[in-house]
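# Coordinate analysis (summary)
Each chain, letter by letter, is given below.
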Amino acid sequence: DASGQWRWFLCSDVLLSSDADGAPKLVVGNASNITEQKKAEQHKDILAGEMRHRAKNLIPLIEGIGRLSRPKNQPEVDAFIDAYMGRLMAVLRTGDIVLSSTTRTAELSAVIETALSPFADDGAPERIAISGPPVMLSERSAGGLALALHELATNALKYGALSVPRGRITLSWTHHADGAFAMDWIESGGPAVTPPQSEGFGGRVIRYSVAHEPQGRITLEYPAEGLRCRFAFALPAVS
């Protein structure tokens, strides 16, 4: 413009007539000034980048506070801090995935890898097998599943398949054209499983992780050969 500033315009043109050679004779169009919209988008991108930067800095800060908060010679309190920090880190790291996306969504495989990374065995990566098609999750869905997977892996490490060298976990999922999504956690090779006498906080986290989703349901089974858990709910249909 006259002040030397760049301006953004959205233009739309329609060809109404042309000559015998196909050259345009009459073109009608309009142009809309979208400079303010573009400035708002740029400002949003700057804010999103700042949020991602702060989120990345927040994770090590919280981890440091957790380490410094541990009392000496109090194993029960120490165990509580471990459990609390593990759950908190699962949620924060999943949030970092969402913030890194311009659509505020998270790819399921990235959520799974992030949630299970503290339990992975670099010397035996085959102990946790993951397979399934690309699936994008909302922020709420990603957080719920990440927390549930953290609880399942924690239980497997204490009592299930990850508590012995020969134990294995298979995690697979499907997403059909009508939007139906299902994910199965299957343990094998661990100690014989017996159903719990009562449900603790971890069990409630798993059971309610997808309760808010359309058609959301959880199935927990305790066959002797290994715990099984199915998450099922409706996602947007596959185009």
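Going by the structure above, here's the rest.
Residues numbered from 1 in each chain as written. Predicted model: local features only at pLDDT ≥ 70, side-chain atom pairs only at ≥ 80, totals over all residues. Heavy atoms only, no water.

### Re the side chain of Thr-35
The condition that has to hold: Helix and strand assignments follow DSSP, with helices taken as H or I runs no shorter than four residues and strands as E runs no shorter than two, numbered in order from the N terminus. Between N or O atoms, a polar contact is any pair within 3.5 Å; within protein, one atom must be a potential hydrogen donor and the other a potential acceptor, and residues adjacent in sequence are included only when both atoms are from side chains. The contact criterion used throughout is that any non-hydrogen atoms of two residues lie within 4.5 Å.
Inspection of the secondary structure puts Thr-35 in helix H1 (residues 35-68). A polar contact is formed between the side chain of Thr-35 and the backbone nitrogen of Trp-8, at a distance of 2.9 Å. Setting aside residues no more than four positions away along its own chain, Thr-35 makes contact with Trp-6, Arg-7 and Trp-8.

### As for a nonpolar patch on the surface
The following threshold applies: Every patch collects residues that have over 30% relative accessible area and no salt bridge, joining them within 9 Å if they carry like charges and within 5 Å if they are nonpolar side chains (Val, Leu, Ile, Met, Phe, Trp, Tyr). Each accessible area is a Shrake-Rupley estimate made with a 1.4 Å probe; only the visible protein chains count as cover when residues are assessed. For this analysis, a salt bridge means a side-chain nitrogen from Lys or Arg found within 4 Å of a carboxyl oxygen belonging to Asp or Glu.
Residues Val-14, Leu-16, Leu-26 and Val-28 make up a contiguous nonpolar surface patch of about 340 Å² in total accessible area. Those elements giving two or more residues to the nonpolar patch turn out to be strand S1 (9-18) and strand S2 (24-33). Residue position: Leu-16 is located in strand S1.

### Some words on the pattern of salt bridges
Condition: Throughout, exposure labels follow a simple rule: accessible area from a 1.4 Å probe, protein chains only, divided by the maximum for the residue type, with under 20% read as buried, over 50% as exposed, and the rest as partly exposed.
Applying the stated criterion to the full structure yields 5 salt bridges. Across the pair Glu-139 and Arg-104 runs a salt bridge whose closest N-O atoms are separated by 2.9 Å. Note that Glu-139 is positioned in helix H4 (residues 139-158) and Arg-104 in the loop between helix H2 (75-99) and strand S3 (105-107), a separation of 35 residues in sequence. Given a relative accessible area of 39%, Arg-104 falls into the partly exposed group. Among the ionic pairs, Arg-168 bridges to Glu-126, the shortest N-O distance being 3.8 Å. Residue Arg-168 is located in strand S6 (residues 168-175), and its partner Glu-126 is located in the loop between helix H3 (108-116) and strand S4 (128-131); the two are separated by 42 residues in the primary sequence.

### Focus on the sheet that holds S4
Which entries qualify depends on this criterion: Strand pairing requires that DSSP identify at least two bridges connecting the strands. Here, axes are lines fitted to C-alpha atoms. For helices the fit covers the stretch in contact, and angles between N-to-C directions go from 0 to 180 degrees.
Across the sheet, 5 strands lie side by side as S4-S6-S7-S9-S8; this open sheet has mixed pairing. On the outer flanks of this sheet lie S4 and strand S8 (217-221), each paired with one strand and no other. Strand-to-strand twist across the sheet, computed as the mean angle between neighbouring axes with direction ignored, equals 10°. As paired elements, S6 and strand S7 (residues 180-188) share 8 bridges and run antiparallel to each other. Looking at the pairing, His-175 lines up with Phe-181 of S7. Where H4 meets the sheet, it contacts S6, S7 and strand S9 (228-234), and its direction lies at approximately 15° from that of S7.

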